[in-house]
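As a plain string of letters, each chain reads:
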Amino acid sequence: QVQLVESGGGLVQPGGSLRLSCVASGSIYSIQAMAWYRQAPGKQRELVARRTSGGSTNYADSVKGRFTISGDNAKNMVYLQMNSLEPEDTAVYYCNADIMRAFLTASNVYWGQGTQVTVSS
């Protein structure tokens, strides 16, 4: 039905940068919003950044000023530019999307498979 595919994770040194990408495909009428979540060992999954199709954004306090979420509505894509990475940013990062599959229906939530981001020297 709907698939979210992520890329860009990996190992980076403290202070470095990574850019995550996510593309949604399948039976999609419209995407209301796309977001990035993360989950570190011993912690619950948390919202990192969210972007609506109208372009509004919000961020977790811990990443404000360091991370930037952007998107390309025509390509059903969302990006997360991560700068000044810290060891505390180490987590599995998940792409999330609120998607309408037909006109005049409620949106459903879809998740990517997750991609590991490790910040270590």
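Our structure's up above, just so we're on the same page.
Everything numeric in this text was worked out from a predicted model, so none of it was measured.

Participant: It is not clear to me how the sheet that holds strand β8 (residues 77-82) should be interpreted in this structure. Could you clarify?
Facilitator: Two strands in a sheet stick together by hydrogen bonds in their backbones, pointing the same way (parallel) or opposite ways (antiparallel). One open sheet accounts for 4 strands, arranged β1-β3-β8-β7; its pairing is antiparallel. In this open sheet, the two strands that pair with only one neighbour each are β1 (2-7) and β7 (67-72). Across the sheet, the mean angle separating the axes of adjacent strands is 15° when strand polarity is ignored. As paired strands, strand β3 (residues 18-26) and β8 are joined by 6 bridges and run antiparallel to one another. Of the residues in β8, the one forming a bridge with Cys22 is Val78.

Participant: When you look at the state of the cysteines in this model, what are you seeing that I'm missing?
Facilitator: Two cysteines form a disulfide when their sulfur atoms are joined by a covalent bond. Evaluated as defined, the whole model comprises 1 disulfide. Disulfide partner of Cys22: Cys95, at an S-S distance of 2.1 Å. Of note, the bridge from Cys22 to Cys95 carries an S-S torsion of about -85° and is left-handed in sense. Of the two residues, Cys22 is situated in strand β3 and Cys95 in strand β9 (residues 91-100); the sequence distance between them amounts to 73 residues. Accessibility expressed as a relative area gives 0% for Cys22, which makes it buried. Residue classification places Cys95 among the buried positions, given a relative accessible area of 0%.

Participant: I keep staring at the side chain of Asp98 and nothing clicks. Help me out?
Facilitator: By secondary structure assignment, the location of Asp98 is in strand β9. A relative accessible area of 14% places Asp98 in the buried class. One polar contact links Asp98 to Arg50, side chain to side chain, over a distance of 3.0 Å. In contact with Asp98, other than residues within four places in its own chain, are Ser30, Ile31, Gln32, Ala33, Arg50, Ser107, Asn108 and Val109.

Participant: Before we go on, may I ask you to explain the packing of aromatic side chains in this structure?
Facilitator: The geometry of two aromatic rings is summed up by the distance between their centres and the angle between their planes. This model, assessed by the stated rule, comprises 3 aromatic pairs. Here Tyr29 and Phe103 contribute two aromatic rings whose centre-to-centre distance is 5.8 Å and whose plane-to-plane angle is 50°, an arrangement assigned as tilted. Of the two residues, Tyr29 is situated in the loop between β3 and β4 (30-39) and Phe103 in the loop between β9 and β10 (108-111); the sequence distance between them amounts to 74 residues. Look at Tyr29 and you get partly exposed, because its relative accessible area is 46%. Here Tyr94 and Trp111 contribute two aromatic rings whose centre-to-centre distance is 6.4 Å and whose plane-to-plane angle is 85°, an arrangement assigned as edge-to-face.

Participant: Is there a simple way to explain the nonpolar core in this structure?
Facilitator: It is characteristic of soluble globular proteins that their nonpolar side chains tend to be buried jointly. Core analysis: the biggest nonpolar cluster contains 29 residues, and Met34, Trp36, Val48, Phe67, Leu80, Met82 and Tyr93 have the highest contact counts within it. Contributing elements (two or more residues each) for this core: β1, β3, β4, β5 (46-52), β7, β8, β9 and β11 (115-119).

Participant: Please clarify how the pairing of β4 should be interpreted in this entry.
Facilitator: Regular strands show a simple pattern: their side chains alternate between the two faces of the sheet. Note: β4 against β9, 9 bridges, orientation antiparallel. Bridge pairing in β9 links Arg38 to Tyr93. Alignment of β4 against β5, held across 6 bridges, turns out to be antiparallel. Of the residues in β5, the one forming a bridge with Tyr37 is Leu47. The antiparallel hairpin formed by β4 and β5 contains 6 residues in its connecting segment, where Gly42 sits at a positive phi of about 80°.

Thresholds, definitions, all that
Residues numbered from 1 in each chain as written. Predicted model: local features only at pLDDT ≥ 70, side-chain atom pairs only at ≥ 80, totals over all residues. Heavy atoms only, no water. Pairing = 2+ DSSP bridges. Helix = DSSP H or I, 4+ residues; strand = E, 2+ residues; numbered from the N terminus. Axes fitted to C-alpha atoms, helices over the stretch in contact; angles between N-to-C directions. Disulfide = S-S within 2.5 Å. Buried < 20%, exposed > 50% of the residue type's maximum accessible area, 1.4 Å probe, protein only. Polar contact = N/O pair within 3.5 Å; in protein donor to acceptor, adjacent residues only side chain to side chain. Contact = heavy atoms within 4.5 Å. Phe/Tyr/Trp six-rings, centres within 6.5 Å; stacked < 30°, edge-to-face > 60°. Core = buried A, V, L, I, M, F, W, Y, C linked by side-chain atoms within 4.5 Å.

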